[in-house]
Amino acid sequence: MARLVHPSSGKLHTLGARNLVGRSAACAVTIDDRAISGEHASLVWTGAGWELRDLGSRNGTFVDGVAVPPGQAVPVGAAHRLGFGRDDGAWQLAEDGPPVAQAIGLPDGPSRSATGGLLLLPDEEEPVLSVFEDADGRWVCDGPEGVAIALDQGVVRAGEQVFRLFLPTLLAPTVARSDDAALELRFRVSDDEEYVELDVVREGRAVPLGARSANYLLLTLARRRLQDAEQPAAERGWIHQEDLARMLRVSDITVGTQVHRARAHLAAAGVEGAGQLVERRHRTRQLRIGTDALRIGPLG
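Below is a summary of the structure that appears in this document. Predicted model only: the values in this text are computed from it and were never measured.

## Examining the environment of Arg 23
And step 1. With respect to the secondary-structure elements, Arg 23 resides in the loop between β3 (18-22) and β4 (29-30).
And step 2. For Arg 23, a relative accessible area of 35% puts it in the partly exposed group.
And step 3. Along the primary structure Arg 23 and Ser 37 are separated by 14 residues, whereas in three dimensions their C-alpha atoms are 5.9 Å apart.
And step 4. In contact with Arg 23, not counting residues within four places along its chain, are Thr 30, Ile 31, Asp 33, Arg 34, Ile 36, Ser 37 and Gly 38.

Have a look at this one:
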């Protein structure tokens with residue numbers, strides 16, 4: 001996560017992947033100072049680090065007191081002092097890690113940050129929405145009304161709380177995955193099916209997730225997908241959320257909560273692609289397990 005801070009005033013800005021700095025209200029980092037141009041400079045995450053660029057401002061942009069030539073990108077990090085409109089070095093990158101998905105409560109609510117690429121709203125204890133990148137690299141929002149495209153700086157509602165999303169949409173290009181990088185799920189089930197253990201394997205690394213309440217829901221989805229093995233891959237395993245709730249004898253809300261928590265457990269374990277553990281069809285309430293690599297065996 002990256003933050004631009006003005007230590008003397010305490011002003012702090014959480015940074016997205018691309019940030020305009022200036023006096024204009026359209027800028028991500030707004031500085032109310034007549035020495036600052038409307039769109040004065042940019043701070044951009046390149047995938048390897050942060051770059052500062054002066055956008056032809058009247059009074060200049062400075063790194064450690066040295067003027068940045070207009071249009072030239074200069075690498076910056078936490079050790080550098082930044083000045084906008086004057087060489088006072090009043091700003092600094094308090095944190096200079098890569099940007100992560102975040103949500104800021106409106107009008108003055110709490111902020112939330114993604115863990116393992118998964119953002120849960122309104123919080124991780126009682127999640128209503130999951131925000132994550134899908135298999136096509138698009139940010140999506142999965143909630144009670146189904147899955148929809150999530151927009152950087154878009155507004156979403158999670159229960160009674162409204163949030164503005166800040167999504168790192170300009171990271172370095174994603175490297176295409178090989179088939180070996182797909183999630184593999186290994187279930188171990190007791191005879192009475194009261195106890196379900198789950199291991200997740202990705203890129204040859206097995207992560208034991210133990211027994212959780214959401215595992216039986218995942219097991220049910222896995223069985224449905226295996227039943228559809230003769231169908232085309234795009235059609236395997238889909239089930240309406242209401243039908244799944246009836247099968248599990250739980251409420252529709254409980255199904256949604258368990259899906260969010262299963263993803264969160266995977267993200268907390270450091271497994272990339274947690275949002276893809278359960279897939280949803282756009283504009284529908286159908287869902288399915290997100291992989292054909294499934295093993296179900298007895299608990300031993």
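## Here we look at the environment of Lys 11
And step 1. You can see Lys 11 is positioned in strand β2 (residues 11-14).
And step 2. With near-sequence residues (within four places) excluded, Lys 11 lies in contact with Leu 4, Val 5, His 6 and Trp 91.

## Considerations on helix α2 (residues 241-248)
For an α-helix, the turn length of 3.6 residues means that residues three or four places apart are oriented alike.
And step 1. Listing the buried residues of α2 in full gives Gln 241, Leu 244, Ala 245 and Leu 248. An end-on view of α2 places all buried positions within 100 degrees of arc, on one side of the element.
And step 2. Residues of α2 that are buried in the fold lie against α1 (215-227), β23 (239-240), α3 (252-268), β24 (278-280) and β25 (286-289).
And step 3. Just beyond α2, the residue with positive phi is Arg 249, at close to 60 degrees.

## Quick word on unusual backbone geometry
And step 1. For the bond running from Leu 106 to Pro 107, omega is 0 degrees, close enough to zero to count as cis.
And step 2. By secondary structure assignment, the location of Pro 107 is in the loop between β12 (102-106) and β13 (111-113).
And step 3. Of note, Arg 249 is a non-glycine position whose phi angle comes to about 60 degrees, a positive value.
And step 4. For Arg 249, the location among the structural elements is in the loop between α2 and α3.
And step 5. On the basis of relative accessible area, Arg 249 is assigned to the exposed category, the value being 80%.

## Focus on the pairing of strand β21 (residues 196-202)
And step 1. Across the 7 residues of β21, 7 count as buried, placing the element largely inside the fold.
And step 2. Because side chains alternate across β21, one face comprises the buried residues Val 196, Leu 198, Val 200 and Arg 202, and the other comprises Glu 197, Asp 199 and Val 201, equally buried.
And step 3. Pairing of strand β20 (residues 184-189) with β21, which is carried by 6 bridges, proceeds in the antiparallel orientation. The residue of β21 that forms the bridge with Leu 185 is Val 200.
And step 4. Between β20 and β21, which pair antiparallel in sequence order, lie 6 residues; one of them, Glu 193, sits at a positive phi of approximately 60 degrees.
And step 5. Relative to strand β22 (residues 205-211), β21 is paired through 6 bridges, and the arrangement is antiparallel. Directly across from Arg 202, in β22, lies its bridge partner Arg 205.
And step 6. Taking the residues between adjacent antiparallel strands as the criterion, β21 and β22 are bridged by 2 residues, where Glu 203 takes a positive phi near 55 degrees.

## As for the side chain of Asn 215
And step 1. When you line up the elements, Asn 215 lands in helix α1.
And step 2. Under the relative-accessibility criterion, Asn 215 is labelled buried at 3%.
And step 3. Setting aside residues no more than four positions away along its own chain, Asn 215 makes contact with Phe 187, Val 196, Glu 197, Leu 198 and Gly 210.

## Some points on the pairing of β20
And step 1. One ladder, built from 5 bridges, connects β20 with strand β26 (residues 294-298); its direction is parallel. Bridging across to β26, Leu 185 finds its partner in Leu 294.

What counts and what doesn't
- Residues numbered from 1 in each chain as written.
- Predicted model: local features only at pLDDT ≥ 70, side-chain atom pairs only at ≥ 80, totals over all residues.
- Heavy atoms only, no water.
- Helix = DSSP H or I, 4+ residues; strand = E, 2+ residues; numbered from the N terminus.
- Buried < 20%, exposed > 50% of the residue type's maximum accessible area, 1.4 Å probe, protein only.
- Contact = heavy atoms within 4.5 Å.
- Arc of directions from axis to C-beta.
- Pairing = 2+ DSSP bridges.

Nothing here speaks to function; it is all geometry.
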